Amino acid sequence: MATDVRMAPAWKAALADEFEKEYWRDLTTFVREEYTTGPIYPAPKDVFHAFDACPFDKVKVVILGQDPYHGRGQAHGLCFSVPEGVSIPPSLQNIYKELHDDLGIEQPQSGNLDHWAHEGVLLLNATLTVRAGQPGSHQGKGWETFTDAVVRLLNHEREHLVFMLWGNYAKAKGEHIDRRKHLVLEAAHPSPYSARAGFFGCRHFSKANEYMKQNGIDPVTW
């Protein structure tokens, strides 16, 4: 099964055991069938884009999302990110606002976060595919087991990572991260419904960069 996975080689090797498990076989069967029945996002080539854009040994920061965007042309494999030319979604607008308030960075005109990924930010959704217009439609099919394994691998195999957990879902997914060897930053979700309840003012970007500096790691150019 591992030979079928289009993913950066280091990630593929690190996660090889997952690709031999029964849940993975069931998941891949389900996802392949879904792509034949109607619009599924992101495009197949972008399902593992987060892994290709941010190699295993280059990860500095992990941001956990939940589902890919379910609107046409939005999802491209990075949580909170949209391709060039696509309107910036409300949650990302709020992320940009906090980035400005924290580090003084002017809001970008683009919602494409590929440059973050290339800086070492793993933008990982818990579920990597979704039906068009149906949020949550691919939850409970095995993706969460896979992405839990990714978090577990990073927790065990790397040191001095920064995990940004925004909202209760992300906090629950990251509850087993070893806080003695990593920095875990928690806040409300940047959604318009909750950003004022603890996301704005969290200063996660400056805290992350300061932690990296203290541990001899080049900070992220956000």
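Up top you'll find the structure we're talking about.
Since this is a predicted model, take the numbers as computed values, not measurements.

So, how was this worked out
Residues numbered from 1 in each chain as written. Predicted model: local features only at pLDDT ≥ 70, side-chain atom pairs only at ≥ 80, totals over all residues. Heavy atoms only, no water. Axes fitted to C-alpha atoms, helices over the stretch in contact; angles between N-to-C directions. Helix = DSSP H or I, 4+ residues; strand = E, 2+ residues; numbered from the N terminus. Parallel < 35°, antiparallel > 145°, perpendicular 65-115°, else oblique. Contact = heavy atoms within 4.5 Å. Nonpolar A, V, L, I, M, F, W, Y, C, P; charged D, E, K, R; others polar. Buried < 20%, exposed > 50% of the residue type's maximum accessible area, 1.4 Å probe, protein only. Pairing = 2+ DSSP bridges. Core = buried A, V, L, I, M, F, W, Y, C linked by side-chain atoms within 4.5 Å.

A.B. asks: Any chance you could explain the packing of helix α4 (residues 90–103) against helix α8 (residues 204–214) here in plain terms?
C.D. replies: Pairs of packed helices are described in terms of their axes, by the angle between the two and the distance that separates them. It is the contact of α4 with α8, at a shortest axis distance of 8 Å, that shows an interaxial angle of 60 degrees. In terms of orientation, α4 lies oblique with respect to α8. Contacts between α4 and α8 pair Ile95, Glu98, Leu99, Asp102 and Leu103 from the former with His204, Phe205, Ser206 and Asn209 from the latter. For the contact of α4 with α8, the per-class residue count stands at four nonpolar, three polar and two charged.

A.B. asks: Honestly, the pairing of strand β5 (residues 162–166) in this entry has me stumped. Any pointers?
C.D. replies: On a regular strand, one side chain projects to one face of the sheet and the next to the other, so that they alternate. The buried fraction of β5 amounts to five of the five residues, a majority that puts the element mostly inside the structure. Both faces of β5 are covered, namely the face carrying Val162, Met164 and Trp166 and the face carrying Phe163 and Leu165. With three bridges joining them, strand β2 (residues 61–65) and β5 adopt parallel strand pairing. Directly across from Val62, in β5, lies its bridge partner Phe163. As paired strands, β5 and strand β6 (residues 183–187) are joined by five bridges and run parallel to one another. Within β6, the position partnered with Val162 by the bridge is Leu183.

A.B. asks: Any chance you could explain the pairing of β2 here in plain terms?
C.D. replies: Buried residues dominate β2, accounting for five of its five residues. With burial as the criterion, each face of β2 is covered, one bearing Val61, Ile63 and Gly65 and the other bearing Val62 and Leu64. The pairing of β2 with strand β3 (residues 121–125) spans five bridges and is classified as parallel. By the bridge assignment for β3, Leu64 is matched with Leu124.

A.B. asks: Is there a simple way to think about the environment of Glu210 in this case?
C.D. replies: By secondary structure assignment, the location of Glu210 is in helix α8. Classification of Glu210 as partly exposed rests on a relative accessible area of 40%. Taking the C-alpha atoms as reference, Glu210 lies 13 Å from Trp222; in sequence the two are twelve residues apart.

A.B. asks: Explain the nonpolar core here, please?
C.D. replies: Looking at soluble globular proteins, one finds that nonpolar side chains tend to be buried together. Trp11 and Phe146 are the most contacted members of the largest nonpolar core, which totals 71 residues. Residue contributions to this core peak at six residues, all from helix α6 (residues 143–157).

A.B. asks: Would you mind going over α8 with me for this structure?
C.D. replies: Buried within α8 are the following residues: His204, Phe205, Ser206, Ala208, Asn209, Tyr211 and Met212. Note on α8: the residue one or two positions beyond its end, Gly216, has a positive phi of about 70 degrees.

A.B. asks: Got a minute to help me understand the sheet that holds β6 in this structure?
C.D. replies: What holds strands together in a sheet is hydrogen bonding between their backbones, with the strands either parallel or antiparallel. One open sheet holds the four strands; their spatial order is β3-β2-β5-β6, and the pairing between them is parallel. Taken across any chain shown, the strands that pair with only one partner, and hence form the sheet edges, are β3 and β6. Adjacent strand axes in the sheet meet at a mean angle of 20 degrees, parallel and antiparallel pairs treated alike. Together, β2, β5 and β6 form the strand contacts of α8, whose direction differs from that of β6 by roughly 175 degrees.

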